[in-house]
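Below are the chains, spelled out letter by letter.
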Amino acid sequence: MIVAQDLHKSFKTPTGTVRAVEGVRFTARDGEITGLLGPNGAGKTTTLRMLYTLMKPDAGQVLVDGVDATRDPASVRGALGVLPDARGVYKRLTARENIAYFGELHGMSKQAIEARTRVLADALQMHDILDRRTEGFSQGQRTKTAIARALVHDPRNVILDEPTNGLDVMTTRAMRGFLQQLRAEGRCVIFSSHIMQEVAALCDRIVIIAKGQVVAAGTADELREQTGEANLEDAFVKAIGSEEGLHA
Amino acid sequence: MSAGSMKQSRPGMFATMWSVMRKELLDISRDRRTLALALLLGPLLYPVLMIGMGSLAESRARTQLDRTLEVPTVGMERAPNLVAFLATQGIRAVKAPDDVDAAIVRQEFDVALRISPGYANDWRNGKPALVEIVADTTRRDSEIPSARVRAALEGYGGQVGALRLLARGIDPSVVRAVSVGSRDLATEEAKRGLMLAAIMPYLLILMSFIGGAYLIMDATAGERERQSLEPLLATPASRGAIVSGKIAAACAMGLLSLLLTLVAFKLSAQMSTGVGRMLDVSFASIGRMLLILLPMVFIGTTLLTCLAAASKSLKEAQSHMTWLMLLPMIPTIALIVNPVKTQAWQFMVPFLAQNQMLLKVIRGEGIDMQTWGIYLGTGFAVAALLWFVAVRRYHQERLAISG
């Protein structure tokens, strides 16, 4: 379970201070997929970066399975599987070597890494690319490698930043199936997206973020109720106050 | 697959360092061309320099000393006896072009002579007759010819002067109150080796200083640019262990390249003629050189890590190379301009210390334990300080955010 409590984060730039996140709060439960939905630049990636301890919140708290991310970041990172916005697979290594490297950094034994690689390759249908160097991989193959690498240590909590970004229809469908599998295994899954339809199709709970704040949160039904719109798309538009991000 | 079924202990600092180091070395070993360039440049450069420079210097000296020297002479007709004398010394006076000075500047000749219009008159009146040597002393090529011409002229002057004294019934040795002779104890080889000795420590220091440069820049600034740093920092591995592993990998590369360079140095010194043979390249002294250069490998790698971690891109990191390559040259230049006697503090200044220590080994001088202590102590302390700064850099939040 991941709890975000009143997160704040601002950055200093040459042109002034940018307030990227101003009071984001939500709870992502085990066995559920929580979707962070919002237009580009809403603060989704910054929020996720605070969840996986890459950034320290200026104010607020992150709890992963009850552990404070600021106090014990290493334990929190050990309990998380993270697919950042930047996939960054090592192009001179094979997919298998990429996965094994992260397994080692998680302190796994060789046998455990091998076994886990087999399981993930089954789930992601990537046996054919396992022993190829990732240089020249398609976007989908790179994403698969990065996801397998992120999940090699079998984490209870999974954070995916725009996992379907740049994927074709078939790969996107397969990815959705994979996310549902993660949920069925009882994991806590958070994923961000700027595509409304995708969030609607997958998520148990939706957190809508705009301009660094949570503007609406709940199940699809709750959102419709909160906004008084019968259609989820209209509810989204009403929540963020623009039509941005609907058809991206 | 069941969630959280596999509980793994968090890896230790050294296990992480080891994993990172192995991965970085595997990564660079796949980049064959870069690897070859990084590892073989030093080892190949050395034999070429040693053998090439040695034989070039020797052949130049030989030809300039033995060959008949043609010297354009203004006013040849005014001093036929002088011209005849010069011819016996292997110096042939030839007709000069109209503007001798300009010809020297254009480097058409190394040296020229100008016999003054009043030469014949002065000569007959027993006054000093003026003969000018025209040369550009900043050109190394003119050194030997000028010296030959000067020596010949002095010989002629002395000879005629002595004859004049004899003609007046005076013993010529009366005017020589002091007889100056000099004995240069440096051998011909050692003289020619000067240049080589000045440049060699620099090259060795440079090789060890930037031996791991490509790997560390690729693994820090490059990793950031390729956006693989963010996922890496999202693992439980500590940042200190990650950056230390990268530094360790670069040091291993640097050491390997240094080792190959030293082996090439040894082989080429044994194969070359003259200078090379004078250098002490026994296994013991090669071992000492390796020990001397060891702190340099660490200092270079950690310094590059600090710089690369602060760079926005690989390109920015690479632009540091220009001044870094000049850095080891400073003590060499400083010593040429202002030679100083060996003092303890010199063994504490990076680059200067390596330079002095290497010269001692190359010349076969002993190094006492105290000097070793001062040298290695400060060398590793500087490296440790830079390592600490590099680790701090990796703790900065903005480091992981690329683009």
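Residues numbered from 1 in each chain as written. Chains lettered and ligands numbered in written order. Predicted model: local features only at pLDDT ≥ 70, side-chain atom pairs only at ≥ 80, totals over all residues.

Re the overall build of chain B
So, step 1. Scanning chain B from N- to C-terminus turns up 17 helices and four strands.
So, step 2. Every one of the 403 residues in chain B was classed for burial, and the buried ones make up 36%.
So, step 3. Long-range contacts, defined as pairs at least 24 residues apart, comprise 78% of the intrachain contacts of chain B with a sequence gap of at least 6. (Helix = DSSP H or I, 4+ residues; strand = E, 2+ residues; numbered from the N terminus. Buried ≥ 20, exposed ≤ 12 C-beta atoms within 10 Å, placed from the backbone. Contact = placed C-beta atoms within 7 Å.)

Examining helix H1 (residues 44-51) of chain A
Residues and elements named next belong to chain A.
So, step 1. Of all eight residues that make up H1, eight are buried, and the element is covered over most of its length.
So, step 2. Taken as a whole, H1 has its buried residues at Lys44, Thr45, Thr46, Thr47, Leu48, Arg49, Met50 and Leu51.
So, step 3. At the C-terminal side of H1, Thr53 shows a positive phi close to 65 degrees.

Concerning the sheet that holds strand E5 (residues 67-68) of chain A
Residues and elements named next belong to chain A.
So, step 1. A sheet is described by the order of its strands in space; here four strands give the open sequence E2-E1-E4-E5, paired in antiparallel fashion. Sheet topology places strand E2 (16-28) and E5 at the edges, where each strand pairs with a single neighbour.
So, step 2. Two elements, strand E4 (residues 59-64) and E5, share two bridges in a ladder whose sense is antiparallel. Within E5, the position partnered with Leu63 by the bridge is Asp68.
So, step 3. This element, H1, spans strand E1 (2-13), E2 and E4 of the sheet and lies at about 115 degrees to E1. (Pairing = 2+ DSSP bridges. Axes fitted to C-alpha atoms, helices over the stretch in contact; angles between N-to-C directions.)

Topic: the environment of Leu223 of chain A
Residues and elements named next belong to chain A.
So, step 1. Tracing the sequence through the fold places Leu223 in helix H8 (residues 220-227).
So, step 2. A residue is classified by how many C-beta atoms lie within 10 Å of it, and Leu223, with 23 of them, is buried.
So, step 3. It is 9.4 Å that separates the C-alpha atoms of Leu223 and Val207, two residues lying 16 residues apart in sequence.
So, step 4. Excluding its chain neighbours within four sequence positions, the residues that come into contact with Leu223 are Ile206, Ala216, Gly218, Leu232 and Ala235.

Observations concerning the packing of helix H12 (residues 283-310) of chain B against helix H17 (residues 369-395) of chain B
Residue and element names in this part refer to chain B.
So, step 1. Two elements in contact, H12 and H17, have axes separated by 8 Å at closest approach and are oriented at 20 degrees. Viewed along their axes, H12 and H17 adopt a mutual orientation that is roughly parallel. Seen from above, H12 lies across H17 with left-handed handedness. Within the contact between the two elements, H12 uses Pro295, Phe298, Ile299, Thr302, Leu303, Thr305, Cys306, Ala309 and Ala310 and H17 uses Leu376, Gly379, Phe380, Val382, Ala383, Leu386, Trp387, Val389, Ala390, Arg393 and Tyr394.
So, step 2. When the residues that make up the contact of H12 with H17 are grouped by side-chain class, the tally is 16 nonpolar, three polar and one charged. (Parallel < 35°, antiparallel > 145°, perpendicular 65-115°, else oblique. Left-handed = near helix turned anticlockwise from the far one by under 90°. Nonpolar A, V, L, I, M, F, W, Y, C, P; charged D, E, K, R; others polar.)

Comments concerning the interface of chain B and chain A
So, step 1. On the side of chain A, 32 residues touch chain B, which itself brings 32 residues to the contact.
So, step 2. Breaking the side of chain B that touches chain A down by element, the ones donating at least two residues are helix H1 (13-29) and helix H9 (229-233) of chain B.
So, step 3. Among the elements that make up the side of chain B that touches chain A, the one with the highest residue count is H1 of chain B (five residues).
So, step 4. Class assignment for the residues of the side of chain B that touches chain A results in twelve nonpolar, twelve polar and eight charged.

Re helix H4 (residues 110-124) of chain A
Structural remark: α-helix, 3.6 residues per turn; residues separated by three or four positions point the same way.
Residue and element names in this part refer to chain A.
So, step 1. The first and last C-alpha atoms of H4 sit 21 Å apart over 15 residues, in line with the 21 Å expected at 1.5 Å per residue.
So, step 2. When we look at burial in H4, the residues that qualify are Ile113, Arg116, Thr117, Leu120 and Leu124. Each buried residue of H4 lies within a common arc of 110 degrees when the element is viewed along its axis, so the set occupies one face. Residues of H4 that are exposed and angled more than 90 degrees away from the buried face: Gln111, Arg118 and Asp122.
So, step 3. Structurally, H4 contributes buried residues whose contacts are with helix H3 (95-105), helix H5 (139-150) and helix H6 (169-184).
So, step 4. Positive phi shows up at Gln125, right after H4, with a value of about 50 degrees. (Expected span 1.5 Å × (residues − 1). Arc of directions from axis to C-beta.)

Examining unusual backbone geometry
All names here are of chain A.
So, step 1. Notably, Asp6 is not glycine yet its phi reads approximately 50 degrees, a positive angle.
So, step 2. Mapped onto the elements, Asp6 comes out in strand E1.
So, step 3. Judged by the 14 C-beta atoms lying within 10 Å of it, Asp6 falls in the partly exposed class.
So, step 4. A positive phi is found at Gln125, a non-glycine position, where the angle reads about 50 degrees.
So, step 5. Structurally, Gln125 can be placed in the loop between H4 and H5.
So, step 6. The class for Gln125 is partly exposed, based on 13 C-beta atoms found within 10 Å.

Some thoughts on the sheet that holds strand E1 (residues 69-74) of chain B
All names here are of chain B.
So, step 1. Reading across the sheet, the four strands line up as E2-E1-E3-E4 and stay open at both edges, with mixed pairing between neighbours. Edge positions in the open sheet fall to strand E2 (91-95) and strand E4 (131-135), since each of these has one partner strand only. The average undirected angle you get between the axes of adjacent strands in this sheet is 35 degrees.
So, step 2. Relative to strand E3 (residues 111-115), E1 runs parallel, the two sharing two bridges. Residue pairing across strands places Val74 opposite Arg114, the latter belonging to E3.
So, step 3. Each of E1, E2, E3 and E4 is contacted by helix H6 (residues 143-167), which is oriented at about 170 degrees to E4, the strand it contacts most.

Comments concerning the confidence of the model for chain B
Residue and element names in this part refer to chain B.
So, step 1. Residues of chain B with pLDDT of at least 70 account for 85%, and the chain-wide mean is 82.
So, step 2. By mean pLDDT, the top-scoring element of chain B is H1 (93), and the lowest-scoring one is helix H11 (residues 275-278) (55).
So, step 3. Every residue in residues 1-8 is under pLDDT 50, and counting partners more than four places away or in other chains gives 18 contacts.
So, step 4. Interface predicted TM-score (ipTM) for the complex: 0.91; the corresponding pTM is 0.78. (pLDDT = per-residue confidence, 0-100.)

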